[in-house]
Amino acid sequence: MVTAVAPEAAAVLRGLPAGSADSAPDAELPLPGGYLLHRRGPVDVLAAGVGPAAAAAGTATALALAAQPYRLVLSTGIGGGFAPLAPLGSIVVADQIVAADLGADTPDGFATVTELGFGRVSHPTAHAAAVAAALRDGGLPTAVGPVLTVSTVTGTAARAEQLTARHPGAAAEAMEGFGVAEAAAGHGVPVLELRAVSNAVGPRDRAAWRIGEAFAALERAFALLPYDRLL
Ligand SMILES: O=C(O)c1cccc(C(=O)CC[C@H]2O[C@@H](n3cnc4c(=O)[nH]cnc43)[C@H](O)[C@@H]2O)c1
């Protein structure tokens, strides 16, 4: 499980069911690069930093040094929700992880790196439907859709409209998923992204953020995940 910051990792760890732990004791494993991997049973949790580059570097480090291959990499934390699909406090499960601003500005509009002839701008995810079903069964409002990775948090209605026009059905935006997905793809490991919605994507309004609610939803989501199917 790869988060950006330590409070997100702590929410994930609080949510992990005690029953999901195997016989291994909890452990904290320092990794080169100053990372600290939290291990609980079969699950490792890493706070790799904010933004796609930090996320890719941290994820790649953990993947390269794993004693046993991982079966899934999950990018997670709080994120912005696109209305009306993903209200505050709800969960978004990505069916695609999309690099929304990786490309070039041209006189004809934005061109993705793929359109420019190199790289990729999206990764399919694993287990999205099963995860969403488990969360809904547990009473958590959950949307499934593309989650956009951006390097700049959206702060205007115009930018939000641009993103939804370019990515119909987009459910959330955050800053790490694509970096995590690139690292996972490099190691041939399936990827998923799960976000708890702390704010609406649109005009900047710090007073409207609901960080506490989002952390509570994140914790609850990790208590409900169908670990038997994921690991
Ligand atoms: O200053 C702002 O207006 C602002 C608005 C939302 C988030 C931020 C952050 O600096 C948090 C970045 C951090 O949290 C994730 N996150 C949460 N909400 C969003 C969002 O609406 N768009 C993009 N990222 C978001 C992100 O993954 C980072 O880890 C500042």
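Residues numbered from 1 in each chain as written. Predicted model: local features only at pLDDT ≥ 70, side-chain atom pairs only at ≥ 80, totals over all residues. Heavy atoms only, no water.

The next point concerns the pairing of strand 7 (residues 103–106). Inspection of the sheet shows strand 7 paired to strand 8 (residues 109–112) by four bridges, in the antiparallel sense. Within the sheet, the bridge partner assigned to Gly 103 lies in strand 8 and is Thr 112. Joining the antiparallel neighbours strand 7 and strand 8 is a turn of two residues. (Pairing = 2+ DSSP bridges. Helix = DSSP H or I, 4+ residues; strand = E, 2+ residues; numbered from the N terminus.)

Attention now moves to the site of the ligand. Around the ligand, the structure places 15 residues, and the nearest of them are Glu 173, Glu 176, Asn 199, Arg 204 and Trp 209. Between Glu 176 and the ligand, the recorded distance is 2.6 Å, taken from a side-chain N or O atom to an oxygen atom. One nitrogen or oxygen atom from the side chain of Asn 199 is found 2.7 Å from an oxygen atom belonging to the ligand. Coverage of the ligand by the protein chains reaches 82% of its 550 Å² of free accessible surface. Elements with a minimum of two residues in the shell around the ligand: strand 5 (73–81), strand 11 (172–174) and strand 12 (191–200). Residue composition of the shell around the ligand, by class: six nonpolar, four polar and five charged. (Near = heavy atom within 4 Å. Polar contact = N/O pair within 3.5 Å; in protein donor to acceptor, adjacent residues only side chain to side chain. Areas by Shrake-Rupley, 256 points an atom, 1.4 Å probe, with all protein chains shown as cover. Nonpolar A, V, L, I, M, F, W, Y, C, P; charged D, E, K, R; others polar.)

Time to look at unusual backbone geometry. With an omega dihedral of 0°, the bond running from Ala 83 to Pro 84 counts as a cis peptide bond. Within the secondary structure, Pro 84 sits in the loop between strand 5 and strand 6 (91–99). You will see that His 127, though not glycine, has its phi angle at about 70°, which is positive.

Time to look at the confidence of the model for the protein. Where the model shows low pLDDT, its predicted coordinates should not be examined in detail. For the protein, mean pLDDT is 96; residues scoring 70 or higher make up 97% of the total. Across the whole predicted complex the pTM is 0.96, and at the interface the ipTM reaches 0.96. (pLDDT = per-residue confidence, 0-100.)

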